[in-house]
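Now for the letters of each chain:
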Amino acid sequence: MARDQAEIEQKNRQCLESFVVRARRVAEHSLAGDWEKLVALIDPKIGVRFENDEIRIRHELPAEEVVESAAARIRPILLATEDCFYMKALKALGYACRELPRDAERVRAVRAEWKTRVDPATSLDTAYRVLVADTATGEEHDLDAHRLALSWIYGDVVHHDTERRKEGDPFGLRDRFRAAVPLVAWTMVATIELLAYIEALWKDGVLQLRPEVFDAQVALKSTVWEEPAQMFFAPVGTEPPSGATTSLPEGWLPLGKGTDLSRLKTLSGGQLLHPTTSAPATAPSSEDSDAGRPKGEGDTLSAPYGSSQQPAKDWQAELIGRWRAMQP
């Protein structure tokens, strides 16, 4: 019995830690930067105006690509096959709080709300329905908001589910997107709130989770950075290094300020590295003085993506061999 309990606790710990890491990534999304606006998207307001005896309604939602990236971040939380699935995290919490009546009741309430919002039992439980008709053919279609939302998430965004797309196509992309926004927003809010609850239980000692899952970097705040490094190059065909910390085989040379960069070519023949005089993104510290990178009046080197590709021709004399990030 003790062994079975240990296995259950280990599995629950894995689910909770996976959920924490993914939920922290959700919390880092730009939509979560303004909490009140995110909450408002759960029940977006519709503007109504009258024009020439005609009623016109207006929808104002975030840009599709913003909601699309949010949908990609919450997708594993929606999938029962993932360790970070929301209901798996709740099950693990329910087990951990089984002798804490107030917390156990809270877990049950959250589980019921998730089922209502994300996994409604019937179409009648969803927010609204959309009915459309083709006046030329007489063909009619009827779909609830939840299935429309899933048609956008799994047909337009994170998958190309042909059945979902076929079901949602008659209603158009705008109706699919409009239905998806509240679902994405609610899932984000529920995820972030559950993350805060898990962290509180962890701090209270109810949950035994690794501290690093609350500290590890989960999202990039900037995609422009500079770091100290050592770079080496060798003629095409030179024996490659066997590991990141092993000695370099014969033939590898360090890149220095006096290196003729025009000798370093990409697959298509262009120059691999380019000296620039722009100010570095992050000023190097005094500890970087032996980093093996070019020095000077703000001199830096830029490398295009794909710079690790092997040149196809021998006349493309040398290539960058490896980067060694220097530890601070």
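Described in the following lines is the structure provided in the data block.

## Side note on the overall build of the chain
Now for step 1: Scanning the chain from terminus to terminus reveals nine helices and nine strands.
Now for step 2: Within the chain, the proportion of its 328 residues that are buried is 33%.
Now for step 3: Contacts spanning at least 24 positions in sequence make up 69% of the contacts within the chain whose residues lie at least 6 apart.
Now for step 4: In the form shown here, the chain has an accessible surface area of approximately 20300 Å², with 51% of it arising from carbon and sulfur atoms.

## A closer look at the pattern of salt bridges
Now for step 1: Here the structure, examined in full by the defined rule, presents 16 salt bridges.
Now for step 2: One salt bridge connects Asp43 with Lys45, and the closest N-O pair in it is separated by 4.0 Å.
Now for step 3: Among the residues examined, Asp43 registers a relative accessible area of 51% and is labelled exposed.
Now for step 4: Residues Glu54 and Arg56 are paired through a salt bridge, measuring 3.3 Å at the closest nitrogen-oxygen approach.
Now for step 5: Note on Arg56: relative accessible area 37%, which makes it partly exposed.
Now for step 6: Among the charged side chains, a network of salt bridges with common partners joins Asp156, Arg165, Asp169 and Arg176.

## Examining the state of the cysteines
Now for step 1: Counted under the stated rule, the structure contains zero disulfides.
Now for step 2: Free of any disulfide, Cys15 has its nearest neighbouring cysteine sulfur in Cys84, separated by 9.1 Å.

## Quick word on the side chain of Arg73
Now for step 1: Checked against the element boundaries, Arg73 lands in helix H3 (residues 64-78).
Now for step 2: This buried residue, Arg73, is left without a salt bridge; Glu28 holds the nearest opposite charge, at 6.4 Å.
Now for step 3: Those residues in contact with Arg73 that lie beyond four places of it in its chain are Arg22, Arg25, Val26, Glu28, His29 and Ala219.

Cut-offs used in this document
- By convention here, each chain's residues receive numbers from 1 onward along its written sequence.
- Since the coordinates come from a predicted model, pLDDT governs what is reported: local features require at least 70, and pairs of side-chain atoms require 80 or more to be given and counted, while whole-chain, interface and lining totals use all residues.
- Remark: hydrogens and water are excluded; side-chain values derive from all non-hydrogen atoms of the structure.
- Strands here are runs of E lasting at least two residues and helices are runs of H or I lasting at least four, both read from the DSSP assignment and numbered beginning at the N terminus.
- To sort residues, take the accessible area from a 1.4 Å probe on protein chains only and compare it with the maximum for the residue type: under 20% means buried, over 50% means exposed, and anything in between is partly exposed.
- By definition in these notes, contact holds between two residues if any of their heavy atoms fall within 4.5 Å.
- Accessible areas in this description were obtained via Shrake-Rupley with a 1.4 Å probe; residue shielding takes into account the shown protein chains only.
- Here, a salt bridge means any Lys or Arg side-chain nitrogen found within 4 Å of an Asp or Glu carboxyl oxygen.
- The disulfide definition used here is simple: a pair of cysteine sulfur atoms within 2.5 Å.
- Charged residues are defined narrowly, with Lys and Arg counted positive, Asp and Glu counted negative, and His plus the chain ends left uncounted.

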